[in-house]
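So you can see what is in the structure, the chains are spelled out below.
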Amino acid sequence: MGESRRQFLLGSALLGTAGAAALGARGASAAPPPFGAEGAHSGGHGGGVSGPTFRRGAVIDHDVNGFNPTELLRDFDYGRTSLMPDGRVLREWDIAAADLDLEIAPGVRYPAWTFNGRVPGPTLRCRDGDLLRVTFINSSAHPHTMHFHGIHRAEMDGVPDIGPGVIPSGSSFTYEFDAQPFGLHLYHCHVGPLAEHIARGLYGTFIVDPPQPRPPADEMVMVMHGYNTTFDGEGNQLYAVNGIPFHYMHEPVRVRRGELVRIYLVNALEYDPINTFHVHGNFFDYYPTGTRLQPSEYTDTIMQAQGQRGICELRFPYTGRFMFHAHKTEFAELGWMGFFEVTD
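If you're wondering where the values come from, they're calculated on a predicted model, not measured in any experiment.

### Concerning the sheet that holds strand 9 (residues 183–188)
Here is step 1 of the chain: Pairing in this open sheet of 5 strands is mixed, and the strands run 1-5-10-9-7 from one edge to the other. Among the strands making up the open sheet, the edge pair consists of strand 1 (76–77) and strand 7 (147–148).
Here is step 2 of the chain: In terms of strand pairing, strand 7 meets strand 9 through 2 bridges, oriented antiparallel. Bridge pairing in strand 9 places F148 opposite Y187.

See below:
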């Protein structure tokens with residue numbers, strides 16, 4: 001672990017996450033006791049019995065940011081559809097890159113690079129065999145591309161010096177390719193320095209549904225990622241799912257007892273080689289990459305390397321509040337944790 005993160009973890013124990021984020025970004029400042037510090041041990045191993053979550057009463061202004069992680073959870077963009085002469089479905093999207101100053105922790109600003117003004121970018125969804133047209137508009141001050149995981153021609157790969165290459169600021173290009181293979185994929189910018197262009201926020205989920213739909217379920221997308229607030233490339237100071245650290249601690253994910261829940265889980269984390277997902281009080285079927293219709297294992301914890309993804313399916317047999325988080329505890333205590341709220 002780099003020196004900056006060791007300092008950040010020390011700050012989180014003393015100040016709580018919001019104060020620690022400020023420490024990592026621009027120096028320490030006074031802060032109230034961390035959320036959950038009531039009855040905590042004074043020695044400090046993470047800000048009290050609840051860990052170093054945000055200070056009580058301190059929240060993010062989602063309206064100012066322009067997106068809310070609760071809404072992103074179940075937001076699937078199917079594009080503009082039309083029927084081609086050969087009977088195939090054509091889907092079209094407009095995706096714009098833009099530079100935005102986001103609040104990622106209470107009082108902590110982050111200069112993000114975004115697709116359609118949000119982190120992560122929109123979840124694009126289609127069906128196996130559809131023809132896809134994605135018009136990328138670069139409204140950022142920096143050169144970018146869109147690279148889609150999947151099968152396509154080289155000139156549609158969104159990398160420098162091939163096909164259109166890098167799309168400069170103020171320009172646009174339309175990527176066109178067939179939706180294949182079915183499964184859970186991602187897209188991201190592929191301009192160097194690659195880690196920074198991705199870590200700043202230029203990534204999103206790309207779902208290709210199988211020819212025969214999966215069973216009906218309460219479907220949601222969880223994109224795991226982090227924020228290197230010091231911009232030193234030595235690790236992240238905050239970790240999140242769908243944009244904002246600890247969001248689903250404050251606004252739990254509401255699901256129904258006995259209903260099939262399908263989680264499209266994507267690891268877009270940079271500067272750390274792996275990420276993990278663990279759910280409390282339950283087990284799930286796991287489908288790596290979603291390219292097969294049979295699960296590979298029945299478990300409560302999985303590990304994903306950078307760029308890996310998979311589908312988790314489960315039913316909650318009991319009502320109540322069940323935690324989910326990274327099982328790398330450092331990531332959890334720096335933002336990657338939340339709750340499922342299970343009701344009848």
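Next comes the rest of the write-up.
### Quick notes on the sheet that holds strand 19 (residues 309–314)
Here is step 1 of the chain: Within the open sheet, the 6 strands sit side by side as 12-11-14-19-16-17. Their pairing is mixed. Two strands bound the open sheet, and with one partner strand each, they are strand 12 (238–241) and strand 17 (297–299). The average angle at which neighbouring strand axes cross in this sheet is 25°, direction not considered.
Here is step 2 of the chain: Of the pairings in the sheet, the one linking strand 11 (residues 218–227) to strand 14 (residues 261–267) comprises 7 bridges and is parallel in character. If you follow V221 over to strand 14, its bridge partner there is Y264.

### Re the pairing of strand 5 (residues 123–127)
Working note: regular strand, side chains alternate between the two faces of the sheet.
Here is step 1 of the chain: For strand 5, a buried count of 4 out of 5 residues is recorded, marking the element as mostly surrounded by other parts of the structure.
Here is step 2 of the chain: Pairing of strand 1 with strand 5 involves 2 bridges; the strand directions are parallel. When the sheet's bridge partners are listed, D77 is paired in strand 5 with L124.
Here is step 3 of the chain: As paired strands, strand 5 and strand 10 (residues 203–209) are joined by 4 bridges and run parallel to one another. Residue pairing in the sheet places R127 in a bridge with D209 of strand 10.

### Brief notes about a negative patch on the surface
Here is step 1 of the chain: A contiguous patch of negative charge on the surface is contributed by D61, D63, E71 and E251.
Here is step 2 of the chain: Considering the arrangement of structural elements, one finds E71 in helix 4 (residues 69–72).
Here is step 3 of the chain: Classification of E71 by relative accessible area gives exposed; the value is 56%.

### Thoughts on the nonpolar core
Here is step 1 of the chain: M220, M222, I263, F277, W336 and F340 are the most contacted members of the largest nonpolar core, which totals 29 residues.
Here is step 2 of the chain: Contacts of M222, omitting those with residues within four sequence positions, involve L73, V241, N242, I263, Y264, L265, V266, F277, F324 and F340.
Here is step 3 of the chain: In terms of nonpolar packing, the next biggest core, distinct from the first, is built from 27 residues, Y203, V223, I244 and Y264 among them.

### Some thoughts on the side chain of R214
Here is step 1 of the chain: Tracing the chain through its elements places R214 in the loop between strand 10 and strand 11.
Here is step 2 of the chain: Only 2.8 Å separates the side chain of R214 from the backbone oxygen of G290, close enough to count as a polar contact.
Here is step 3 of the chain: Apart from the residues within four sequence positions on either side, R214 is in contact with F182, G183, R262, Y264, G290, R292, L293 and I311.

### Quick notes on the side chain of N242
Here is step 1 of the chain: Turning to its location among the elements, N242 is positioned in the loop between strand 12 and helix 6 (247–250).
Here is step 2 of the chain: When its relative accessible area of 1% is taken as the criterion, N242 is described as buried.
Here is step 3 of the chain: Of the polar contacts made by the side chain of N242, one reaches the backbone oxygen of V221; its length is 2.9 Å.
Here is step 4 of the chain: For N242, the residues in contact, after removing those within four places along its chain, are F67, P69, L72, L73, V119, P120, V221, M222, V223, H225 and Y248.

### A look at the packing of aromatic side chains
Here is step 1 of the chain: Summed over the entire model, instances satisfying the criterion amount to 20 aromatic pairs.
Here is step 2 of the chain: A centroid spacing of 5.4 Å and a plane angle of 50° characterise the contact between F283 and Y298, whose relative ring orientation is tilted. Within this pair, whereas F283 is found in the loop between strand 15 (274–279) and strand 16 (284–288), its partner Y298 is found in strand 17, the two being separated by 15 residues in sequence.
Here is step 3 of the chain: Residue F283 is classed as partly exposed on the basis of its relative accessible area of 36%.
Here is step 4 of the chain: Aromatic pair F324 and F340: ring centres 4.6 Å apart, planes at 45°, arrangement tilted. Of this pair, F324 sits in strand 20 (residues 320–325) while F340 sits in strand 21 (residues 337–343), and the two are 16 residues apart along the sequence. This pair shows no difference in class: F324 is buried, exactly as F340 is.
Here is step 5 of the chain: Here the aromatic cluster, defined as three or more aromatic residues joined through ring pairs, consists of Y248, F277, F284, F316, F322, F324, W336 and F340.
Here is step 6 of the chain: Its guanidinium or amino end placed over the ring of F339, R321 lies 5.4 Å from that ring's centre, counting from NZ or CZ.

### A few points about the pattern of salt bridges
Here is step 1 of the chain: Applying the stated criterion across every chain, the model contains 16 salt bridges.
Here is step 2 of the chain: A salt bridge links R109 to D101; its shortest N-O distance comes to 3.2 Å.
Here is step 3 of the chain: Among the residues examined, D101 registers a relative accessible area of 45% and is labelled partly exposed.
Here is step 4 of the chain: With a closest N to O distance of 2.8 Å, R153 and E155 form a salt bridge.
Here is step 5 of the chain: Of the residues examined, R153 reaches a relative accessible area of 45% and is grouped as partly exposed.
Here is step 6 of the chain: What you see here is one network of salt bridges that share partners, running through R125, D209, E219, R262 and E313.

Cut-offs used in this document
Residues numbered from 1 in each chain as written. Predicted model: local features only at pLDDT ≥ 70, side-chain atom pairs only at ≥ 80, totals over all residues. Heavy atoms only, no water. Pairing = 2+ DSSP bridges. Helix = DSSP H or I, 4+ residues; strand = E, 2+ residues; numbered from the N terminus. Axes fitted to C-alpha atoms, helices over the stretch in contact; angles between N-to-C directions. Buried < 20%, exposed > 50% of the residue type's maximum accessible area, 1.4 Å probe, protein only. Patch = residues over 30% accessible without salt bridge, like charges linked within 9 Å, V, L, I, M, F, W, Y side chains within 5 Å. Areas by Shrake-Rupley, 256 points an atom, 1.4 Å probe, with all protein chains shown as cover. Salt bridge = Lys/Arg side-chain N within 4 Å of Asp/Glu carboxyl O. Lys, Arg positive; Asp, Glu negative; His and termini not counted. Charge placed at Lys NZ, Arg CZ, Asp CG, Glu CD. Core = buried A, V, L, I, M, F, W, Y, C linked by side-chain atoms within 4.5 Å. Contact = heavy atoms within 4.5 Å. Polar contact = N/O pair within 3.5 Å; in protein donor to acceptor, adjacent residues only side chain to side chain. Phe/Tyr/Trp six-rings, centres within 6.5 Å; stacked < 30°, edge-to-face > 60°. Lys NZ or Arg CZ within 6 Å of the ring centre and 35° of its normal.

In short, the description is geometric, and any link to function would need to be established separately.
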